[in-house]
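Structure assessment
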Amino acid sequence: MAQIPTQQLEMVKNLRGIDQKEYYVPGHRTCAGCGPALCYKLVAKATGPDSIFIGPTGCMYVANCSYMCTPFAMPWTHCQITNGGAVASGIEAAYNVLIRKGKYKGKLPSIVVMAGDGGAIDIGLQAMSAMMYRGHDALFIMYDNESYANTGIQTSPMTPYGGKTTFTPPGKTIPEGKKLFPKDAPQLVIGGHPAVHYVATASVGYPVDLINKVRKGLNYQGPSFIHIHCPCPKGWLYDCKDTIKVAKQAVETGMWTNYEWENGEYTYQHIPKAYKPVKEYLKGQERFNHLNEEHIAKMQAFITAKTKAPGKPVEVPVLGPREQA
Ligand SMILES: Cc1ncc(C[n+]2csc(CCOP(=O)(O)OP(=O)(O)O)c2C)c(N)n1
Ligand code: SF4
């Protein structure tokens, strides 16, 4: 069968090399300092105009759109929180048919799902996994604000251990709030989907790296997955001017690692010479204010183990739903 023509996007060296044109324009209603909004702006700059974005329900749909008004200056569609992967699959399959039959003369557009952690790795997991399994040529991005933010900052599987959310309030019975450690989303994708050749993590604190990873993911034929760390001032309870500071602190303390996985090989970016204590990261966010020294030590032990082999599986303390920490 004839090869479907696809785009090859160029890598950039610095911010001056990035398109000045905006495809995610001002006027939306996200909170000041919103990490996911910054993420959208950077991803849209990376993909350029020949793109189709798919937006599962979440802050990046609800806070962005009102009747007849969206900030997306490129083709964009809303989908259900559950089915981002299915809608992307359908769009890619349709373009494939149109191109093969000569009814569409252009190259395959960049097809990008922008899902929150809920819409990607929890409630949207089945459709995302099916897209990866079938091998559709699309990029699935999980913008991770570590909660179901849009409906009132409820816990998600990406909420860190010890995080206070409306569903994990610290109290007498469960003093640390969230008892469980988060899911490893990239591992889920890598481990179960042989059609995937590119998986990466990125952070809004490192925009050039983020843009190049989006382009690399799209340049690979087949499905790719990028997990992007996106601080959320409303949910994490820090001053909205500090979003980039919080993003960088996560990398400096090992709470977040930027890496790429390409056909089984890991490469790492922005690894500090020595990690700062996780306490530095925790103390800047009110959602962790209730943690005592024992909780912080538990968190530090988890991060120390993770930073020995970032991106690879690590044993975590697993509790049943009714067990005490
Ligand atoms: C099937 C279904 N269940 C629940 C909801 C309610 N809902 C809308 S947005 C949302 C939160 C989405 O969280 P996430 O995907 O992490 O994105 P965020 O809001 O954090 O950006 C929920 C639970 C829904 N729209 N559909
Ligand atoms: S709640 Fe968080 S993710 Fe949602 S708009 Fe506000 S800052 Fe952005």
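Located above this text is the structure these notes cover.
The numbers attached to residues start from 1 for each chain and follow its sequence in the written order. Chain A is the first chain written and ligand 1 is the first ligand written, with later ones labelled in order. Since the coordinates come from a predicted model, pLDDT governs what is reported: local features require at least 70, and pairs of side-chain atoms require 80 or more to be given and counted, while whole-chain, interface and lining totals use all residues.

This part takes up the site of ligand 1. For ligand 1, the set of nearby residues contains 18 residues, the closest of which are Gly58, Gly116, Gly118, Ala149 and Asn150. A run of H or I in DSSP becomes a helix once it reaches four residues, and a run of E becomes a strand once it reaches two; helices and strands are each numbered from the N terminus. For the shell around ligand 1, the secondary-structure elements that each account for two or more residues are α2 (59-62) and α4 (117-122). Per-element accounting of the shell around ligand 1 gives the leading share, three residues, to α4. Basically, the charged four are Asp, Glu, Lys and Arg, the nonpolar ten are Ala, Val, Leu, Ile, Met, Phe, Trp, Tyr, Cys and Pro, and anything else, Gly included, counts as polar. Of the residues assigned to the shell around ligand 1, the class counts are six nonpolar, 11 polar and one charged. In this analysis, residues qualify as near a molecule or strand once their C-beta atom, positioned from backbone atoms, comes within 6 Å of it.

Our focus in this paragraph is the site of ligand 2. Ligand 2 sits among 13 residues. The nearest are Thr30, Cys31, Cys34, Cys59 and Cys232. Those elements that provide at least two residues to the shell around ligand 2 are α1 (35-47) and α8 (233-236). Looking at the shell around ligand 2, the element that brings in the most residues is α8, giving three residues. Grouping the constituent residues of the shell around ligand 2 by class yields nine nonpolar, three polar and one charged.

Across the six residues that make up strand β5 (residues 198-203), a large majority, six, are buried. One requirement defines pairing of two strands: DSSP has to find at least two bridges between them. Relative to strand β6 (residues 224-229), β5 runs parallel, the two being bridged by six bridges. Residue Ala200 lies in a different strand from β6, and its bridge partner there is Ile226. Taken together, β5, helix α7 (residues 207-219) and β6 form a β-α-β motif whose crossover is right-handed. In this structure, β5 lies alongside strand β7 (residues 258-262), joined through three bridges in antiparallel fashion. By the bridge assignment, Val199 is partnered in β7 with Trp261. With C-beta atoms placed from the backbone, a residue counts as buried when 20 or more other C-beta atoms lie within 10 Å of its own, as exposed when 12 or fewer do, and as partly exposed for counts between those limits. Think of it like this: strands point away, you trace from the first strand over the helix to the second, and a clockwise trace means the crossover is right-handed.

In an α-helix, one turn spans 3.6 residues; hence positions three or four apart end up facing the same way. Residues of helix α5 (residues 125-134) that are buried include every one of Ala127, Met128, Met131 and Met132, and no others. Looking straight down α5, one finds its buried side chains confined to an arc of 140°; they lie on one side. Residues of α5 that are buried sit in contact with α3 (84-100), α4, β4 (139-144), α6 (185-192) and β6. The positive-phi residue at the C-terminal boundary of α5 is Gly135, with phi of around 85°. Here the arc refers to the set of directions running from the helix axis out to each C-beta atom. Contact criterion: two residues are in contact if their C-beta atoms, reconstructed from the backbone, are within 7 Å.

What follows deals with the nonpolar core. Ranked by size, the top nonpolar core spans 70 residues in total, and within it Val43, Met114, Phe140, Ile141 and Ile228 carry the most contacts. Of all the elements, α1 adds the most residues to this core, at eight residues. Look past the residues within four positions of Val43 in its chain and what remains in contact with it is Val112, Met114, Ile141 and Val214. Buried Ala, Val, Leu, Ile, Met, Phe, Trp, Tyr and Cys residues whose C-beta atoms connect them within 7 Å together make up a nonpolar core. Counting residues in hydrophobic clusters, the runner-up holds 13 residues, among them Phe181, Met255, Leu291 and Phe302.

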